[in-house]
Amino acid sequence: MSRITSSCFLAFALASAGCAHVPTEKERRSSEIHYDLGIQAQQHGHVQDALAEYQKALEQNPDNPEAHNAVGLLLHLSFRRLDEASSHYEQALKIRPTFSDARTNLGNLRLDQGRYDDAIKLYEESLNDMQYRYGFSAQNNMGWALYKKGDTVNALQNIKAAITTNPEFCLGYKNLGIIYDETGKTEEACRQFAHYREKCPEVAEAYHREGVCQAKLGRVEEAKKAFAGCEAKAQPNEQVLKDDCRSLLDHL
């Protein structure tokens, strides 16, 4: 039997392929730096640069859970490569089983895939983490998954609980508005879309949804005001939405 150094003994015992590389302190620090650079690039909208930095972070330290979660988010939301994103979320959780951000993100991916029961289970696990800062988001998304399954009563209950926890949570009001609108409760839908617009006054979509809702009720002046707000708030990358708001305004 060949001589095995003590520093490699555990790795040898765990992996018959030989001595697994354990990142040095320098490599761990380098991984953290690349992760931080990725965050900065992403904040400026440079998703390709962000992905490159996160990948460098994982090259330096494959056991960096934050980097796995960040890569997962980009692959999921920006590149729509869901299977690869799932692998990174799962790896983040394997490294850090208490990583509720990654668990919720994996739940969001399962929601996108229409795997509602799997999504709900993941959200429930995140909500059991009493220290999770974004439990309101998991609860809102669990409510949406329940709605997609056909359980409107429990869906509304969970989404309302989410905005009770965080009254500034725009997505909760939006989802309530959609559910009430789709279930024929237009008056209540308009109230929720108004809350959505009040809480997110820079989001053009909020004005658009409120305008369409008010138009359904025959409230022409309120609808005109909302569509004008939509047109004014639309960003350069929202030209289609801006044009739609202008068209609806002209039609009224």
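Bear in mind that the values here come from a model prediction, so they are computed numbers and not experimental data.

**With respect to the state of the cysteines**
When the sulfur atoms of two cysteines share a covalent bond, that bond is a disulfide. Across all of its chains, the model carries three disulfides by this definition. Shown here is the disulfide that connects Cys170 with Cys200, its sulfur atoms set 1.7 Å apart. What sets the handedness of the Cys170 and Cys200 disulfide is the S-S torsion sign, and at about 100 degrees it is right-handed. Pair noted here: Cys170 is in helix H10 (residues 170-182) and Cys200 is in the loop between helix H11 (186-199) and helix H12 (204-216), with a separation of 30 residues, a long-range link. Grouping residues by exposure puts Cys170 and Cys200 together as buried. The partner cysteine of Cys190 in its disulfide is Cys213, sulfur to sulfur 2.2 Å. Classification of the bridge connecting Cys190 and Cys213 rests on its S-S torsion, roughly -110 degrees, and on that basis the disulfide is left-handed. Separated by 23 residues along the polypeptide, Cys190 in helix H11 and Cys213 in helix H12 bring together distant segments of the chain. Judged on exposure class, the residue Cys190 and its partner Cys213 are both buried.

**Focus: the UniProt feature "repeat: TPR" (unreviewed entry) in the protein**
Here the UniProt-annotated "repeat: TPR" (unreviewed entry) positions come out as residues 31-64 and 100-133. End-to-end, the C-alpha atoms of residues 100-133 are 9 Å apart, and along that stretch the chain is 74% helix and 0% strand.

**A closer look at the environment of Val240**
Relative to the assigned elements, Val240 resides in helix H14 (residues 239-251). Measuring from C-alpha to C-alpha, the distance between Val240 and Asn128 comes to 41 Å, with 112 residues separating the pair along the chain.

**Let's talk about the packing of helix H9 (residues 152-165) against H10**
To describe two helices that pack against each other, one gives the angle between their axes and the distance between the axes. The geometry of H9 relative to H10 is characterised by a closest axis approach of 9 Å and an angle of 155 degrees between their N-to-C directions. On the basis of their axis angle, the class for H9 and H10 is roughly antiparallel. With respect to the hand of their crossing, H9 and H10 are arranged in left-handed fashion. Along its contact with H9, which presents Thr152, Ala155, Leu156, Ile159, Lys160 and Ile163, the element H10 presents Gly172, Tyr173, Asn175, Leu176, Ile179 and Tyr180. A class-by-class count of the residues in the contact of H9 with H10 yields eight nonpolar, three polar and one charged.

**Section: the pattern of salt bridges**
Taken as a whole, this structure holds 20 salt bridges when the rule is applied. Close ionic contact of Lys216 with Asp181 constitutes a salt bridge, the shortest N to O distance being 2.9 Å. A residue pair is termed long-range when its members are at least 10 positions apart, and Lys216 in helix H12 and Asp181 in helix H10 qualify at 35 residues. A relative accessible area of 51% places Lys216 in the exposed class.

Cut-off values and rules
- Throughout, residues of each chain are indexed from 1 in the direction in which the sequence is written.
- Residue-level local features of this predicted model are given only where pLDDT is at least 70; pairs of side-chain atoms are given and counted only at 80 or more, and the full residue set underlies all totals for whole chains, interfaces and linings.
- By convention in this description, side-chain values take in all heavy atoms of the structure and omit both hydrogens and water.
- For the purposes of this analysis, a disulfide is any pair of cysteine sulfur atoms at a distance within 2.5 Å.
- Secondary structure elements follow DSSP: runs of H or I of four or more residues count as helices, runs of E of two or more count as strands, with numbering from the N terminus.
- A simple rule labels every residue: compare its accessible area, found with a 1.4 Å probe on the protein chains alone, to the largest value its type can have, and call it buried under 20%, exposed over 50%, or partly exposed in between.
- UniProt positions are given in the numbering used here, feature names are shortened, and annotations may be inferred rather than shown by experiment.
- Axes, fitted as lines to C-alpha atoms, cover a helix only where it is in contact. Angles between the N-to-C directions of the axes lie from 0 to 180 degrees.
- Note on terminology: angles under 35 degrees are roughly parallel, angles over 145 are roughly antiparallel, angles of 65 to 115 are roughly perpendicular, and the others are oblique.
- Each crossing gets its handedness from the near helix: less than a right angle anticlockwise from the far helix is left-handed, clockwise is right-handed.
- Should any heavy atoms of two residues lie within 4.5 Å, those residues are counted as being in contact.
- When residue character is reported, Ala, Val, Leu, Ile, Met, Phe, Trp, Tyr, Cys and Pro are called nonpolar, Asp, Glu, Lys and Arg charged, and the others, Gly included, polar.
- The term salt bridge refers to a pairing of a side-chain nitrogen on Lys or Arg with a carboxyl oxygen on Asp or Glu at a separation within 4 Å.

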